[in-house]
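# Structure at a glance
Below are the chains, spelled out letter by letter.
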2 protein chains.
Amino acid sequence: MSVKVDYKSAGVDIEAGNEAVRRMKSHVVKTHSKAVLTGLGSFGTMYSLGDALRGMSDPVMVQSTDGVGTKTKVTVMAAEAAAAAGGDAGKYYELLGHDLVAAVAGDIAVMGARPLTFLDYLGVHKVEPEIIERLVKGMSEACAEAGIALVGGETAEMPAVYAEGELDVVGFVTGVVERAKVITGAEIVEGDVLYGVGSTGLHTNGWSLARKLLFAMNGSAIDAPMEELGGKTLADVLLVPHGNYVKPIERALDAGVAIKGMAHITGGGLVENVPRVLPKGMGAVIDMKSWTPPPIFGLMQRLGSIDAVEMNRAFNMGVGLVVIGAAGLKNELAETMKPFAVWELGVVKAGVEGVVLDGVSA
Amino acid sequence: MSVKVDYKSAGVDIEAGNEAVRRMKSHVVKTHSKAVLTGLGSFGTMYSLGDALRGMSDPVMVQSTDGVGTKTKVTVMAAEAAAAAGGDAGKYYELLGHDLVAAVAGDIAVMGARPLTFLDYLGVHKVEPEIIERLVKGMSEACAEAGIALVGGETAEMPAVYAEGELDVVGFVTGVVERAKVITGAEIVEGDVLYGVGSTGLHTNGWSLARKLLFAMNGSAIDAPMEELGGKTLADVLLVPHGNYVKPIERALDAGVAIKGMAHITGGGLVENVPRVLPKGMGAVIDMKSWTPPPIFGLMQRLGSIDAVEMNRAFNMGVGLVVIGAAGLKNELAETMKPFAVWELGVVKAGVEGVVLDGVSA
């Protein structure tokens with residue numbers, strides 16, 4: 001046998017991987033406090049828990065993992081369109097990095113935990129060091145904004161698993177909270193108010209449906225201004241990163257706002273996520289006239305003739321977070337949750353099953 | 001517009017996802033100690049740190065994330081061949097679940113950390129509840145064996161990102177260790193011995209190359225007995241899960257074996273992983289005659305006419321773990337590391353750059 005095979009010819013470019021690692025280091029270290037004990041080279045990452053645990057008598061570790069769904073595909077579309085037009089394709093990967101951190105960290109922030117560390121896994125068809133760098137730059141910025149250390153990650157090049165040009169981005173977040181301070185929703189009672197906190201758009205859920213409606217069915221161009229979107233492009237509107245609620249939630253808790261429960265409005269929308277924090281026997285009535293969903297949602301609804309209940313199950317409809325507490329917290333929440341809008345979204349009601357969308361004809 | 005679009009027609013089967021969740025629960029709960037405070041439904045998972053931190057004055061959290069590379073593709077091949085022959089296709093997904101846990105948890109065990117929690121992310125072309133269940137069953141078994149709680153995870157169906165029939169499996173492990181007990185390799189001195197601990201096969205690295213050699217170039221059938229493999233099939237040999245070193249390492253540490261450093265032999269093989277634990281100015285001379293790599297490695301080497309250095313960079317060659325300490329620890333290690341073989345693999349030498357493969361002509 002005369003052919004000689006090495007790793008690169010088998011479809012894995014180790015040198016590109018090494019370059020990606022070199023490029024990401026300068027971004028990652030900006031997220032490191034003195035609690036981070038190692039660089040990128042160890043088998044595992046090390047984070048000193050001393051400061052985070054100080055004063056806790058019964059610490060609970062809270063963790064979550066998630067990806068951003070097929071928002072990656074829209075990112076790739078926007079980047080390709082930008083590249084074709086001579087623009088900065090990489091900025092969309094930065095936005096995706098922001099998305100990943102905000103989406104995953106939000107899941108533990110709503111339980112009252114302070115996120116400490118983040119690790120990422122990037123699965124790609126092909127390692128493009130520039131793309132990896134911009135992704136990690138975005139993740140690092142979002143981590144720094146939220147006070148999280150980006151301690152490690154893995155980039156895997158798997159041309160046979162990921163479709164050409166595609167990638168998946170996965171995040172893992174870990175935080176701690178004193179057990180007595182876990183926000184469980186157990187103290188929620190009838191008459192408590194649901195405060196809506198604005199989303200920045202679709203966040204990271206509903207993308208398969210959104211892509212079908214906007215691109216497969218309607219054939220919209222991602223980079224053309226659209227009248228229905230006030231002259232913005234789909235790239236402008238769709239790729240705004242997930243709201244980063246970590247610091248706003250921390251500010252509210254530090255200010256002593258009496259939050260009884262929080263629901264992160266992710267897959268399943270208001271309909272499926274609000275009940276996750278309600279005590280047994282309690283439901284919620286949501287006043288659908290209390291806010292106006294951003295135009296992108298109405299556009300998608302029209303394109304697919306989708307009924308309102310299905311829309312509210314597939315998308316967040318402009319509500320990124322629901323905070324539940326007694327009446328009268330709106331001003332405190334609005335102050336601490338800036339820049340996100342806060343409004344009275346609905347009320348908790350005994351004997352109601354799940355979520356009632358008041359003002360919707362299904 | 002008359003067509004009505006729902007989530008399933010957009011390519012995401014929520015019901016299949018819900019069934020997968022129902023199926024996995026019975027397996028996952030078997031890994032739960034009383035430290036696990038929530039089920040699968042919360043926004044984040046909760047793990048009480050009290051017991052794990054007891055007696056620690058300066059706890060360090062150690063974490064790692066990784067996948068299993070394109071071993072997934074070989075798993076799919078073997079499962080399809082088994083299904084075609086009327087056999088149990090799912091068992092290969094169970095094995096893959098074992099792989100993922102052992103591969104990722106090993107990365108923090110070698111630093112002296114006790115792994116506490118594991119989260120998984122399964123990215124799939126299509127959710128097949130039976131496959132997800134068997135994957136999670138395997139992960140649960142490997143977690144239980146290692147004393148780890150499988151606290152949560154995410155399964156994402158992304159037909160547009162993952163190639164048809166493909167999947168990626170990603171794990172995330174978290175453990176703790178008293179800072180003074182972190183195993184860093186800093187105390188390694190010249191003359192210390194490298195003890196090899198046997199691997200169970202390729203583990204989770206080198207799969208793109210292995211697939212090219214065995215299947216793309218040689219056209220081997222995955223389910224046909226091969227003379228070079230002592231009559232075993234490639235599925236038999238390739239899909240043995242990654243050695244689960246967590247408990248063996250704990251036993252060695254609990255027994256007081258004076259381990260100064262440990263290298264998990266992952267991507268880059270002995271050549272790249274051993275130097276990660278050696279102090280500056282120290283290298284290692286490995287006696288290539290001290291062990292006989294399993295036949296699968298020789299088979300691949302012949303098929304690709306690959307030189308020995310490249311082989312040792314792409315594959316673990318039968319060494320899953322290297323433990324470094326003073327001379328004379330072999331019997332203690334052999335006792336505590338059972339069922340894995342332990343032997344004297346080489347020595348630490350000052351002034352040597354990296355790893356010298358003694359007995360290899362490059």
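Computed from a predicted structure; not experimentally measured.

## Some details on the overall build of chain A
Secondary structure summary: chain A contains 12 helices and 11 strands in total. For chain A, whose C-alpha radius of gyration is 22 Å, the value lies close to the compact-globule estimate of 21 Å for 362 residues. Dimensions of chain A along its principal axes, counting C-alpha atoms only, are 75 × 55 × 35 Å. Expressed as a percentage of its 362 residues, the buried residues of chain A come to 60%. For chain A, restricting intrachain contacts to residue pairs at least 6 apart in sequence, the fraction spanning at least 24 positions comes to 84%. Here chain A displays about 13300 Å² of accessible surface, and carbon together with sulfur accounts for 52% of that area.

## Here's the deal with the interface of chain B and chain A
Tallying the contact residues gives 83 residues for chain B and 82 residues for chain A. Summed over both sides, the interface between chain B and chain A buries roughly 6500 Å², with carbon and sulfur atoms accounting for 64% of that surface. Across the chain B-chain A interface, the total number found is 21 residue pairs in polar contact (both at pLDDT 80 or more). Of all the elements, strand β2 (residues 59–67) of chain B adds the most residues to the side of chain B that touches chain A, at 9 residues. Class assignment for the residues of the side of chain B that touches chain A results in 42 nonpolar, 24 polar and 17 charged. Alignment of strand β2 (residues 59–67) of chain A against strand β1 (residues 45–48) of chain B, held across 4 bridges, turns out to be antiparallel. For Q63 of chain A, the partnering residue across the bridge sits in β1 of chain B and is T45 of chain B.

## Side note on the relation of the copies chain B and chain A
For the pair chain B and chain A, the best superposition has an RMSD of 0.0 Å and corresponds to a rotation of 180 degrees with a translation of 0.0 Å parallel to the axis. Seen this way, the second copy is the image of the first under a two-fold rotation axis. A share of 99% of interface residues in chain B that are also interface residues in chain A marks the association as one of identical surfaces.

## Notes on the pattern of salt bridges
Evaluation of the coordinates by the stated rule reveals 39 salt bridges over all chains. For the salt bridge of R23 of chain B with E133 of chain B, the shortest nitrogen-to-oxygen distance reads 2.8 Å. Linking R23 of chain B in helix α1 (residues 14–28) with E133 of chain B in helix α5 (residues 129–146), this pair joins segments that are 110 residues apart in sequence. Among the residues examined, R23 of chain B registers a relative accessible area of 27% and is labelled partly exposed. Classification of E133 of chain B as buried rests on a relative accessible area of 17%. One network of salt bridges, with partners in common, ties together E19, R23, D88, E94, E130, E133, R134, K137 and E141 of chain A.

## Here we look at the environment of A146 of chain A
Residue and element names in this part refer to chain A. Take A146: it is sitting in helix α5 (residues 129–146). Judged by relative accessible area, which is 1%, A146 ranks as buried. For the pair formed by A146 and E228, sequence separation is 82 residues and the distance between their alpha carbons is 33 Å. Setting aside residues no more than four positions away along its own chain, A146 makes contact with N244, V246 and K247.

## Points about the sheet that holds strand β10 (residues 342–350) of chain B
Residue and element names in this part refer to chain B. Here 6 strands make up an open sheet; going across it, the order is β7-β9-β6-β10-β8-β11 and the pairing mixed. The sheet is open, and its two edges are formed by β7 (261–264) and β11 (355–358), each paired on a single side. Across the sheet, the mean angle separating the axes of adjacent strands is 25 degrees when strand polarity is ignored. In the sheet, strand β6 (residues 193–198) pairs with β10 via 5 bridges, with the strands oriented antiparallel. If you follow Y195 over to β10, its bridge partner there is E344.

## Regarding unusual backbone geometry
A cis amide bond links K338 of chain A with the next residue in sequence, P339 of chain A, at an omega value of 5 degrees. As for its position among the elements, P339 of chain A is in the loop between α12 (330–336) and β10 (342–350). For S305 of chain B, which is not glycine, the phi torsion reads 45 degrees and is therefore positive. Along the chain, S305 of chain B turns up in the loop between α10 (295–304) and α11 (308–314). S305 of chain B gets classed as partly exposed once you look at its relative accessible area, which sits at 30%.

## Considering the sheet that holds strand β7 (residues 261–264) of chain A
Residues and elements named next belong to chain A. The strand order β7-β9-β6-β10-β8-β11 describes an open sheet built from 6 strands, whose pairing is mixed. Where the open sheet ends on each side, the last strands, each with one partner, are β7 and β11 (355–358). Averaged over neighbouring strand pairs, the angle between their axes works out to 25 degrees when direction is ignored. For strand β6 (residues 193–198) and strand β9 (residues 319–325), the ladder comprises 6 bridges, and the chain directions are antiparallel. Of the residues in β9, the one forming a bridge with Y195 is V323.

## Quick look at helix α6 (residues 207–217) of chain A
Working note: α-helix, 3.6 residues per turn, so residues spaced by three or four point in the same direction. All names here are of chain A. Burial analysis of α6 places 8 of its 11 residues in the buried class, which makes it a mostly covered element. Structurally, α6 contributes buried residues whose contacts are with α3 (71–84), α7 (234–238), α10 (295–304) and α11 (308–314). A positive phi of about 65 degrees marks G219, the residue just after α6.

## Thoughts on the side chain of D99 of chain A
Residue and element names in this part refer to chain A. Tracing the sequence through the fold places D99 in helix α4 (residues 90–109). Assessed through its relative accessible area of 1%, D99 is described here as buried. Once residues within four sequence positions are removed from consideration, D99 is found in contact with V68, K71, H203, T204, V240, P241 and H242.

## Structural notes on the domain arrangement of chain A
All names here are of chain A. Domain boundaries in chain A define domain 1 (8–181) and domain 2 (193–358). Look at where the C-alpha atoms of domain 1 and domain 2 centre, and you get two points 24 Å apart. Taken together, the contacts link 29 residues of domain 1 with 27 residues of domain 2. Taken over both partners, the interface formed by domain 1 and domain 2 buries close to 2400 Å², and the fraction arising from carbon and sulfur atoms is 66%. The largest per-residue losses of area from domain 1 upon contact with domain 2 belong to K71, V110 and R114, which jointly make up 24% of the total buried on that side.

## Remarks on the side chain of S220 of chain B
Residue and element names in this part refer to chain B. Structurally, the position occupied by S220 is in the loop between α6 (207–217) and α7 (234–238). What makes S220 buried here is its relative accessible area of 15%. At a separation of 2.9 Å, a polar atom in the side chain of S220 contacts the side chain of N218. Beyond its immediate stretch of four places on either side in the chain, S220 contacts L214, F215, M226 and L234.

## A short note on the packing of helix α4 (residues 90–109) of chain B against α5 of chain B
Residue and element names in this part refer to chain B. Running from N to C, α4 and α5 point in directions that differ by 40 degrees, and their axes come no closer than 7 Å. Here α4 lies oblique to α5, going by the angle between them. The crossing of α4 and α5 is right-handed. Along its contact with α4, which presents G90, K91, Y93, E94, L96, G97, H98, L100 and V101, the element α5 presents E130, I131, R134, L135, K137, G138, M139, E141, A142 and C143. Tallied by class, residues from the contact of α4 with α5 come to 9 nonpolar, 4 polar and 6 charged.

Scoring rules and cut-offs
Residues numbered from 1 in each chain as written. Chains lettered and ligands numbered in written order. Predicted model: local features only at pLDDT ≥ 70, side-chain atom pairs only at ≥ 80, totals over all residues. Heavy atoms only, no water. Helix = DSSP H or I, 4+ residues; strand = E, 2+ residues; numbered from the N terminus. Rg over C-alpha atoms; globule rule 2.2 N^0.38 Å. Buried < 20%, exposed > 50% of the residue type's maximum accessible area, 1.4 Å probe, protein only. Contact = heavy atoms within 4.5 Å. Areas by Shrake-Rupley, 256 points an atom, 1.4 Å probe, with all protein chains shown as cover. Buried area = accessible area lost by both parts, 1.4 Å probe. Polar contact = N/O pair within 3.5 Å; in protein donor to acceptor, adjacent residues only side chain to side chain. Nonpolar A, V, L, I, M, F, W, Y, C, P; charged D, E, K, R; others polar. Pairing = 2+ DSSP bridges. Least-squares fit on C-alpha atoms with pLDDT ≥ 70 in both. Salt bridge = Lys/Arg side-chain N within 4 Å of Asp/Glu carboxyl O. Axes fitted to C-alpha atoms, helices over the stretch in contact; angles between N-to-C directions. Domains from an automatic or database assignment. Parallel < 35°, antiparallel > 145°, perpendicular 65-115°, else oblique. Left-handed = near helix turned anticlockwise from the far one by under 90°.

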